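Take a look at the letters that make up each chain.
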Amino acid sequence: MDTRNLLYLKPPNTPAVLLSDVRAAGWDAQVAENPNEARAKINSERYHVGLALFDSKNYIDFTGENLTSMGGSMKWIALLHPSQMQNEHISQMIQENFYDYHTLPADSKRLLPILGHAYGMASIPYKPLIQQGDAHPGEDEMVGTSPAMLALFSNLRKIASVDAPVLIIGERGTGKELGAKAIHERSSRSGGPFVAANCSTLPPALIQSELFGYEKSAFTGAAQRQIGRIEAAAGGTIFLDEIGDLPMDMQINLLRFLQEKTIERVGGTKHINVDTRVIAATHVDLETAVKEGRFREDLYYRLHVLDLKMPALRDRNEDIELLARFFFKKFTTEKHKNVRGFTQEAIRIMSNHDWPGNVRELINRIRRAMVMCENGLITPADLGLERRTSGRYMQTLAEVRSTAERAAIQTALRRTHNNVSKAAQELGVSRVTLYRLMEKCSLHNARGTI
Ligand SMILES: Nc1ncnc2c1ncn2[C@@H]1O[C@H](COP(=O)(O)OP(=O)(O)OP(=O)(O)O)[C@@H](O)[C@H]1O
Ligand SMILES: [Mg+2]
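Residues numbered from 1 in each chain as written. Chains lettered and ligands numbered in written order. Predicted model: local features only at pLDDT ≥ 70, side-chain atom pairs only at ≥ 80, totals over all residues. Heavy atoms only, no water.

**Thoughts on the packing of helix α13 (residues 318-331) against helix α14 (residues 344-352)**
Two measures define how a pair of helices packs: the angle their axes make with one another and the distance between the axes.
In step 1: The N-to-C vectors of α13 and α14 enclose an angle of 120°; their axes lie 9 Å apart at closest approach. As the angle between them shows, α13 and α14 are arranged oblique. Read as a crossing pair, α13 and α14 show a hand that is right-handed. In this structure, α13 uses Ile320, Glu321, Ala324 and Arg325 to contact α14, whose residues at the interface are Ile347, Met350 and Ser351.
In step 2: Taken together, the residues of the contact of α13 with α14 sort by class into 4 nonpolar, 1 polar and 2 charged. (Axes fitted to C-alpha atoms, helices over the stretch in contact; angles between N-to-C directions. Helix = DSSP H or I, 4+ residues; strand = E, 2+ residues; numbered from the N terminus. Parallel < 35°, antiparallel > 145°, perpendicular 65-115°, else oblique. Left-handed = near helix turned anticlockwise from the far one by under 90°. Contact = heavy atoms within 4.5 Å. Nonpolar A, V, L, I, M, F, W, Y, C, P; charged D, E, K, R; others polar.)

Below you can see the structure in the form of structure tokens.
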């Protein structure tokens, strides 16, 4: 059995309340006086339980994010004054990040059982939320609550209720294929097959036989009759992805199919009736392709009876956090047991990122972050977004510098109870320089003067 060890994080110059009782109860308790010191200790030894003493002035130093980003599976307990629970920021932080809390006055009879429970909880082997081998419920679920997605869901239901061709338009990774499947599943054809074909990856020489099939001896190597994907989707739906890349001579065949509902296999002479719904998708502007003579106008109008426009992720900011948490949960397995979620900074950076690769990019970044994450919560660096700034969130170097400067000064002042000399010493600058910087950052010490 592991030693029952505990990390006691408390502000400097504050007595470690109940420390002797905790040690007397058999805990190996180490003390840290700031989050950096705590992190260093956690990195060199495994702790099950953390105890964080809040001090009326210094609680900011102990934000839940700081604490819980340390030691993934550790359970943290807060020790605080009852009045501090009235503070919305603190109570929310406790609720989100702590296993439990103990209100002062200190009472070892109440605290020790909490520590014991926390130890027990931290020692349970991790059970993933999503069981491997499940039928992956909701695998094709479309997630979104933004106005753009709600409008999309409503269009999708209408489109599913009629049996006409559909053109899905959207940037890469916006969910075009997922949308096509959703239409199929909600349509009267849901009992039939859903077959996909990508016009940009099928070799031009094979595309005709892939889509329309071939008869025995249609060409060298055609030892027997083979049906094509349109026929394979009979009674269901064929999804033609990247329709803009369909070669011109194939476009006429597809048009004929849409008009007459019949196909001709390669090497065949018969017109075969096939009942398949066509859903096509494109990430390029087909109208331009029509104007430039790369896409048949008649086919364009035939396909475009109904259309579904997939919104870019950057145009539905509200969904980013929701999707991030959805995929995080979806990909969580035993091997990510120490990763519990995202830092607030990661959520902020994700909400400001431009997402050129849309949902597919979000998925890839989250998968990567779950592997890279070392400290319990996914950071912008884990997502590969640390230095990125999008078009809509651009900071100059001077702004970044001054924000960092301001934060460092505030922290030092808080830690030293607004003692400017001590804060200056901590920051490695002279008092005069610190006063000048405080003036520049419009910071005042506790007495309201600088
Ligand atoms: N709203 C959504 N909710 C949940 N998952 C989504 C959503 N939109 C897209 N996805 C997921 O994102 C990935 C990319 O979606 P999909 O393949 O449908 O996009 P696409 O537009 O066809 O992309 P591409 O242009 O790269 O072919 C898939 O794994 C899909 O399940
Ligand atoms: Mg696709």
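**Some details on the packing of α13 against helix α15 (residues 358-372)**
In step 1: Across the interface, α13 lies against α15 with an axial gap of 10 Å and an inter-helix angle of 50°. Here α13 lies oblique to α15, going by the angle between them. Here α13 runs over α15; the crossing is right-handed. Of the residues in α15, those in contact with Ile320, Leu323, Ala324, Phe327, Phe328 and Phe331 of α13 are Val359, Leu362, Ile363, Ile366, Arg367 and Met370.
In step 2: Class assignment for the residues of the contact of α13 with α15 results in 11 nonpolar, no polar and 1 charged.

**Some words on the nonpolar core**
In step 1: Ranked by internal contacts, the top residues of the largest apolar core, which has 31 residues, are Ile230, Leu240, Ile243, Leu254 and Phe295.
In step 2: Elements supplying a minimum of two residues to this core: β7 (194-198), α8 (204-212), β10 (237-241), α10 (248-260), β13 (277-282), α11 (286-291) and α12 (297-303).
In step 3: It is α10 that contributes the most residues to this core, 5 residues altogether.
In step 4: Aside from chain neighbours lying at most four places away, what touches phenylalanine 295 is Ile243, Gly244, Met248, Gln251, Leu286, Ala289, Val290, Tyr300 and Leu303.
In step 5: With 24 residues, the next largest nonpolar core counts Leu323, Ile349, Val359 and Met370 among its residues. (Core = buried A, V, L, I, M, F, W, Y, C linked by side-chain atoms within 4.5 Å. Buried < 20%, exposed > 50% of the residue type's maximum accessible area, 1.4 Å probe, protein only.)

**A word on helix α7 (residues 176-186)**
In step 1: Taken residue by residue, α7 has Lys176, Gly179, Ala180, Ala182, Ile183 and His184 as its buried positions.
In step 2: Considering only its buried residues, α7 is in contact with α6 (147-161), β6 (166-169), β7, β10, β13 and β14 (306-309).

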